[in-house]
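Structural overview for review
Below, each chain spelled out in residue letters.
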Amino acid sequence: MIRFENVSKRFEAEGHAVEAVKNVNLEMEKGKIYGIIGFSGAGKSTLVRCINLLERPTNGKVFIDDTELTGLSDKELREKRKKIGMIFQHFNLFSSRNVFQNVSYPLKHSGLKKEEINKKVNSLLELVGLSDKAKAYPSQLSGGQKQRVAIARALANDPHILLSDEATSALDPQTTKSILNLLKELNERLQITIVVITHEMQVVKEICVKVFVMEDGEVVEDGDVFQVFANPKKKITKDFVDSTSNLNKIHELIEKKVSVTELFPGECILKFKYLERSVSEALVSQISRQFHLDINIIFGNIELIGENPIGGLVSIVKGKREDIEEAIYYLRQKNVGVEVILDAGVIE
Amino acid sequence: MQELLNDLLPNVMTKLPDFYKSVGETLVMLLWSGSISFVLGMILGITLTMTKKGGILQNTVIFQILDKGINFFRSIPFIILLAGLIPLTRLIAGTAIGVEGAIVPLVFGTVPFYSRQIEAALAELNPGLVEAAQSMGSGKLEIIFRVYLKECIGGIARGTTITAISLIGLTAMAGAVGAGGLGDFAIRFGYQRNQIDVTYVAVIVLVLLVSCIQLFGTYIEKKHTH
C-alpha cells in the first residue's frame, strides 16, 4: 500500500546539511491505522510529508500501491495527491471561506456538478457531525470543530490514505479523544489507511495498530503496538512508555525515603509487568496463596492497548526468602516481568 | 445660496468651468494611472512573493532583479522622476505634457510602491495554507488565485487604499509640471495669484476624494475579514 525504499531527506541550510530522514524502509498495509511516534525534531513530520511528496526525498523511492510517486510528473502527482488526504496540527483552514466553502475547495475541477458538490459536502459534514455549521466561518469554531472541518475537507476526494500531522496536539484531552474516535470510526467505515504522527503516547495507544518509533531521522523500532510497548527495546521507546506510566515513580519515592517504601526485614519491593497479551489469571492471589506471601500493592498502572492490558504493579512482598524466589520464578514462567527494586534482606 | 458662494469664494465662482475641468483631469489621471498601476503592481507583487526564498516558484535571479529594480525606482523623488522620464514618456504617450504626459511618470511612481504593498499583504498568508492546498492537489496557478489572492483580499484592499491615496498626492504634483488637474489649478490661482479660496476648494475636493476611497477600501477589507 505505502512503501518506502531507502528514503532519505537532507536539508541544506547555510552551509551545513541536516539529515532529517535517514535511509528509511517501511511498508504499510491497506486499511490499518499506523502511528509514527517521536520527540520534536525526530524527523516524523518530514517522513510523513515524503508520503505525499510535500517534501521530495533526496534519495530513495516512495510507492503507493504499485505506483512510484517519486517517478511521476507534477501533473500526475497532483492527481495522486487528491487521493491522499492530510490534516494538520493548526488545522490550516481558509479563514476567508466558510465551512461549506472550505470543504468544497478540493472539489473544484473535480468534474462534479453543483448539486453533486452540494450533496457531497453535506454528507461529509454529516459524517464529521457538523451539519449545522455549514455557514460558519473558521474563526467562529472551536479547535475540535475546526479539526472536524479539516477532516471533512481532507476526505472530499474519497482518498485511500489519510495523513494526520499532530492533528490532536493543539487540542484538549477530551477533544483529542473525540477526534481520535472519529478517525477510528472513519477507518472502520471507509477502510481508509490512516498514518498518524504524534509525540503523545496516548494517541498511539488509543487508535494505532502498528507503530514506528523515530529518533534522529531513523525508524529505531517498529511493529505491533502492544509488542513494541510491552517490551520496549530502545531507550527512546522506554521513555515513551514511561511518559504515560507512573511505575518508575517508585525510584523517586525510594530516593525521597517516603514512608511506604520503608521496609522491614523479610520484605522487598517488586515490580510486576505484563509482557504478553491476555494475562487474565488471578496471579496475585495465586502466588499469595501458593507461596504464603503477603502482597501489598503500593500502586499500579494498567491500561488497555486495543483489548489487551499493558502496564504493571509495584508491591511490597513479605514472606520467606525461598518462597519469594519461587514466586518470582513462577511468575516469570507465566510471562510476567518481575524486577526486584528494593530488598530489605532476610529475617534474622 | 448663489450670493453666499459668490461672497465666500469670489475667485472660484468666476472660473467654475476651469474648476470642473481640473476636477475631471484629476479623476482621469487617477483612473488611468491607477488602473495600469493596479495591474502592473499586482503582477510584480505576486512575482516577488512567489519567487522569493521558500515561495512556490522560487527563483533567486528574477527575485533579485525585481527587488533591486523596485528599490531603485522607490528611491527617486517623484518630482525628479517626472523630469527624468520625459524622453520615455514622449516615446510611450507621444507627449510629455498634459494629462497623457502625466500618466507614464505616475505609473512609474506608483507601481514600485504598490508592488511592495501587495508583497506585504501576501506575506501575511499562513504558509500552512499553501501546504494544505498542495496536499489537496492544487497546482501553482490555483494556489496563487484561490489561496493567496482570495485569502489576502483584506490586506490587498488596505494596500490598494493607501496607494490610491498617495497617488492623489502624486497627481497634484504632476500638475505642477503642466499636467493639469486640481494641483495645477490650486498652484496657478491659489498660490501664484494669492487667491486663497481656490486653494481651500481644491483641498476640500481632495479631502472628499480621499475619504471616499478610504471608506470604500475599509468596506472591502471588513467584508472579507472573518
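Please refer to the structure placed before this passage.
Just so we're clear, the structure is a prediction, and the values are computed from it rather than from any experiment. (Residues numbered from 1 in each chain as written. Chains lettered and ligands numbered in written order. Predicted model: local features only at pLDDT ≥ 70, side-chain atom pairs only at ≥ 80, totals over all residues. Heavy atoms only, no water.)

A few words on the environment of B:I80. All names here are of chain B. Within the secondary structure, I80 is located in helix α5 (residues 78-84). When its relative accessible area of 49% is taken as the criterion, I80 is described as partly exposed. When the C-alpha positions of I80 and P105 are compared, they lie 9.9 Å apart, and in sequence the two are 25 residues distant. (Helix = DSSP H or I, 4+ residues; strand = E, 2+ residues; numbered from the N terminus. Buried < 20%, exposed > 50% of the residue type's maximum accessible area, 1.4 Å probe, protein only.)

Here we come to the sheet that holds strand β13 (residues 308-318) of chain A. Hydrogen bonds along the backbone pair up the strands of a sheet, which may run parallel or antiparallel. All names here are of chain A. Spatially, β12-β13-β11-β14 is the arrangement adopted by the 4 strands of the open sheet, whose pairing is antiparallel. The sheet is open, and its two edges are formed by β12 (294-305) and β14 (336-343), each paired on a single side. Strand-to-strand twist across the sheet, computed as the mean angle between neighbouring axes with direction ignored, equals 15°. As defined by bridge partners, strand β11 (residues 267-274) adjoins β13 across 7 bridges and the pair is classed as antiparallel. (Pairing = 2+ DSSP bridges. Axes fitted to C-alpha atoms, helices over the stretch in contact; angles between N-to-C directions.)

This part covers the side chain of B:E151. As for its placement among the helices and strands, B:E151 is situated in helix α9 (residues 140-151). Within the local environment of B:E151, its side chain forms a polar contact with the side chain of A:S96, the two groups lying 2.6 Å apart. Those residues in contact with B:E151, other than ones at most four positions away along the chain, are A:F94, A:S95, A:S96, A:R97, B:L125 and B:L129. (Polar contact = N/O pair within 3.5 Å; in protein donor to acceptor, adjacent residues only side chain to side chain. Contact = heavy atoms within 4.5 Å.)

Let us look at the nonpolar core. Membership of the largest hydrophobic core comes to 54 residues, with the highest contact counts inside it found for A:I2, A:F4 and B:I156. In contact with B:I156, other than residues within four places in its own chain, are B:M42, B:Y114, B:I118, B:A121, B:L122 and B:L149. Core analysis: the next-biggest nonpolar cluster, separate from the first, contains 53 residues, A:I37, A:V103, A:V121 and A:I236 among them. (Core = buried A, V, L, I, M, F, W, Y, C linked by side-chain atoms within 4.5 Å.)

Without other data, these values stay purely geometric and don't point to any function.
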